[in-house]
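# Commentary on secondary and tertiary structure
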Amino acid sequence: MLYLSAFVILVVGALTYRSITEVTKSSEMVTHTYKVNVELEQILSNLKDAETGQRGFIITRDSLFLDSYISGRSKINNSFAELKVLTRNDTLLNTNLIALNSLINKRLIAFQTSYSSLPKDDIDDPTFISNFRTGKSLMDSISTKIKSIVTLQNNILQTRKNEYESDLMATPLLLFSLLLCSLILMYVAYNNIYKNIKKLKATNEALEIFKESTNQSEIVSKHGSWTWNVKNNVFTFSDNLYRLIGEQPQSFKPTIENFLNYVHPEDAEQLSEQVEQMKEDVELPYIYYRVVHKNGNIKHLKAYGKSLINEDNDTVLLGTTADITDEIMSFRALEERNMELERNNKELSSFNYVASHDLQEPLRKIQTFLSRLEDEEAENLSSKGTKYIDRIQNAATRMRLLIDDLLQFSRSNKADKVIEESNINLLLEAAKQDLAEVISAENAEITSDTFPTIKVIPFQIQQLFINLLGNAIKYKAEGRTPKIVITHKVVDAEDEENIVKPKKPFYHKITFTDNGIGFEEQYAEQIFILFSRLHNKDEYSGTGIGLSICKKIVENHSGYITASGQPGKGAVFTVYLPID
Amino acid sequence: MQEDYINIILADDDEDDRLFFTDAFEEIKITTRVKTFNDGVYLMDYLNTDGIQLPNVLFLDLNMPRKSGLECLREIKQNEKFNDIAIAIYSTSASEEDIEKTFIKGANIYIKKPSDFKTLKKVLSEVVTINWQYHTNSMNKENFLLRF
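Residues numbered from 1 in each chain as written. Chains lettered and ligands numbered in written order. Predicted model: local features only at pLDDT ≥ 70, side-chain atom pairs only at ≥ 80, totals over all residues. Heavy atoms only, no water.

### A word on the overall build of chain B
Counting its regular elements, chain B contains seven helices and five strands. In chain B, the order of α-helices and β-strands from amino to carboxyl end is β-α-β-α-β-α-β-α-β-α-α-α. A compact globule built from 148 residues would reach a C-alpha radius of gyration of about 15 Å, and chain B, at 14 Å, matches this within 12%. For chain B, the spread of C-alpha atoms along the three principal axes comes to 40 × 35 × 30 Å. Across the 148 residues of chain B, 47% fall into the buried class. A separation of at least 24 residues holds for 70% of the contacts in chain B among residues at least 6 apart in sequence. For chain B, the exposed surface amounts to about 7500 Å²; the carbon and sulfur share of it is 44%. The average position of the 18 basic charges and that of the 26 acidic charges among the side chains of chain B differ by 2 Å. (Helix = DSSP H or I, 4+ residues; strand = E, 2+ residues; numbered from the N terminus. Rg over C-alpha atoms; globule rule 2.2 N^0.38 Å. Buried < 20%, exposed > 50% of the residue type's maximum accessible area, 1.4 Å probe, protein only. Contact = heavy atoms within 4.5 Å. Areas by Shrake-Rupley, 256 points an atom, 1.4 Å probe, with all protein chains shown as cover. Lys, Arg positive; Asp, Glu negative; His and termini not counted. Charge placed at Lys NZ, Arg CZ, Asp CG, Glu CD.)

### A short note on the overall build of chain A
Broken down by element type, chain A carries 13 helices and twelve strands. Here the C-alpha radius of gyration of chain A, 65 Å, is well above what a compact globule of 580 residues would show, namely 25 Å. Considering only C-alpha atoms, chain A reaches an extent of 220 × 65 × 35 Å along its principal axes. Relative to its full complement of 580 residues, chain A shows a buried share of 37%. Sequence separation of at least 24 residues holds for 66% of the intrachain contacts in chain A that already meet a minimum separation of 6. Separation between the mean location of the 65 positive side-chain charges and that of the 77 negative ones in chain A comes to 8 Å.

### Observations regarding the pattern of salt bridges
Enumeration according to the criterion identifies 24 salt bridges over all chains in this entry. Taking the shortest distance from any N to any O, the salt bridge between Lys118(B) and Asp375(A) comes out at 3.9 Å. Taken together, the residues span two chains, with Lys118(B) in helix H5 (residues 117-128) and Asp375(A) in helix H8 (residues 325-376). Taking relative accessible area as the criterion, Lys118(B) reaches 51% and is therefore assigned exposed. (Salt bridge = Lys/Arg side-chain N within 4 Å of Asp/Glu carboxyl O.)

### So, the confidence of the model for chain B
Averaged over every residue, the pLDDT of chain B is 86; the share at 70 or more is 94%. Ranking the elements of chain B by mean pLDDT puts helix H6 (residues 132-137) of chain B last with 69 and strand S3 (residues 57-60) of chain B first with 93. (pLDDT = per-residue confidence, 0-100.)

### Looking at the nonpolar core
All names here are of chain A. Counting residues in each nonpolar core, the largest one holds 40 residues, and the members touching the most others are Leu464, Ile486 and Phe573. Residue assignment for this core shows that the elements contributing at least two residues are helix H10 (424-434), strand S8 (453-456), helix H12 (458-474), strand S9 (483-492), strand S10 (506-514), helix H13 (546-556), strand S11 (560-566) and strand S12 (570-578). Setting aside residues no more than four positions away along its own chain, Leu464 makes contact with Cys550, Ile553, Val554, Ile561 and Val575. In terms of nonpolar packing, the next biggest core, distinct from the first, is built from 27 residues, Ile43, Phe57, Leu66 and Met139 among them. (Core = buried A, V, L, I, M, F, W, Y, C linked by side-chain atoms within 4.5 Å.)

### Observations regarding the interface of chain B and chain A
Taken together, the contacts link 21 residues of chain B with 18 residues of chain A. Summed over both partners, the interface of chain B with chain A comes to about 1700 Å²; 47% of that surface belongs to carbon and sulfur atoms. Three residues, Phe20(B), Thr92(B) and Ser115(B), lead the burial of chain B against chain A; their summed loss comes to 31% of the area buried on that side. One salt bridge in this structure joins Arg372(A) and Asp23(B), with 2.7 Å as the shortest N-O distance. Taken together, the elements giving at least two residues each to the side of chain B that touches chain A come down to helix H1 (15-27), helix H4 (96-105) and H5 of chain B. For the side of chain B that touches chain A, the leading source of residues is H1(B), giving five residues. (Buried area = accessible area lost by both parts, 1.4 Å probe.)

### A look at the side chain of Lys432(A)
Residues and elements named next belong to chain A. Along the polypeptide, Lys432 turns up in helix H10. Residue Lys432 is classed as buried on the basis of its relative accessible area, which comes to 19%. Sequence-distant contacts of Lys432, defined by excluding residues within four places in its chain, comprise Ile439, Ile446 and Leu469.

Right, dumping it as structure tokens:
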């Protein structure tokens, strides 16, 4: 745009200059022609003056008339000299002038001759008359010559006038177009400048807003920023960097020495070293250090810098420093809480284990002594005594069941078990083996799909199977042979409403469908809670731990377990195990 | 003469358990000679005494003061002269961890103490009549824990 405008202006300027020069030239030429004509008329008039003077002298013999003759001559010479200058570049005019000059010379000679040949008072003298006539004819031819020259000049003048006029006509047009061009250019330029200024203004405004928001975000996020021109060792600190060290913005000169005054004495040396290191490295690791505010508060800062090369080829470090005191504090609190939790968990777990384990010993002895009483002392006991012993035996058995289940529950707590690729079919077989006695006693029918290998904690999954199958058999419907169908398929987590917030896209879905007594749908979640039971223990023996163990095991595998039931018809337990 | 009875030793800190143990063997119709020790230290002192008759089967409780069953097991397995002793772990619990550890350390069988005297007698008579030569060769983790 700039080049184009410059080009247009230059072209228009050149054209105008040329046109003005043309006009000046034609005007000069017109003037010139007029001057020549004037000179020529002058010459003729002078010649006439000379002639008149001569005539006067001839008639009166008064030498006074000769004066005008003499002055006429000198004037003619002057005019000629002037003409010579005026016509030095005009060959045609020159030739004509030379011819005129010779005619004038001849006429002057004729003057001289007739004047000198004039006899005293005899104007009828034939020689004189002939001389006079020659003079007259010469005068005529001079007059004709001058006229012809003037005509010629006039013609030229006319042409020049025409040219001049057309030039004069052309000049305003050119000037006008120049003006128009300039106006357009000015408009375009103005428009451009206006647009640019608007853009610049908008950019400036955006920059201002950005700067302000940066300031605010620095305050909110407890960040500060700085730059460091390594070559001339010039720093800039952002306002909030000052606040991070407990000072008013820009309250001291930003130098590393001044900054180090605020750094915790234990960290100062290391920080100085790291700052030195920054000069060398392009990208730097995070630097952690503490600063001490004037009021004694200690803050933890974390800095990160990156080096850039600026326009002057200087290395400039661009850095961000963040106050991470809160993070560190909450991290520490979290760590403490975690440790406490871990300790509690450990204690609980070991308490659980020890309690279950140590409880078994006295119980076992009670049971053993009871069995000995029954076997060896039965005849010494009354029927009442035998009945009481029976009651004690029952209570002890139940206690054993509780302890065993609790023990198992506390064992399923341990999350550090190894997960390995396992043959699920074998685990199911082992579970059935474990339940062989009840299965055969109840004539239970168990059918199952073939499982792929799945990554699990083997003994826990076996326990899961034992508990689920055991449950299905235990809660069989009166008068129906227990039938349990186990199916397996791979499902998309998104298609299963039972999977909430899935961690993996695909899951193994294993269902256990039985034809037992089922349960009311409203208890579907409750049954997994520790010690929760839906039936009186006189109807069904149970501790309310079995399904809690199932849930714990499935959760250990990052899976899901759900139950649904129809009273009198059966229950379905669904287990989802994630696929890696 | 010595071949007629089976030499049995039990190390258990629990008095009742020692009583059940000796009572059971008295009722079992197998000729046995049973010795009991109150903890691992007494046991190892005895075993390391010169000239004593080494037991055929040693029953080891795991949880004992001073020296645990596991420590005894390690010491016994480190000494070649005890190579012929069959070692039965005799414990209240049967946790995976204990079973795993004792199996690796070279015990021959793991017995969870029964809570019924009849069962106890049955288990003990089974264990002392095992052909250890055969059992040891076919031993694996699955049949290590005695099921009853």
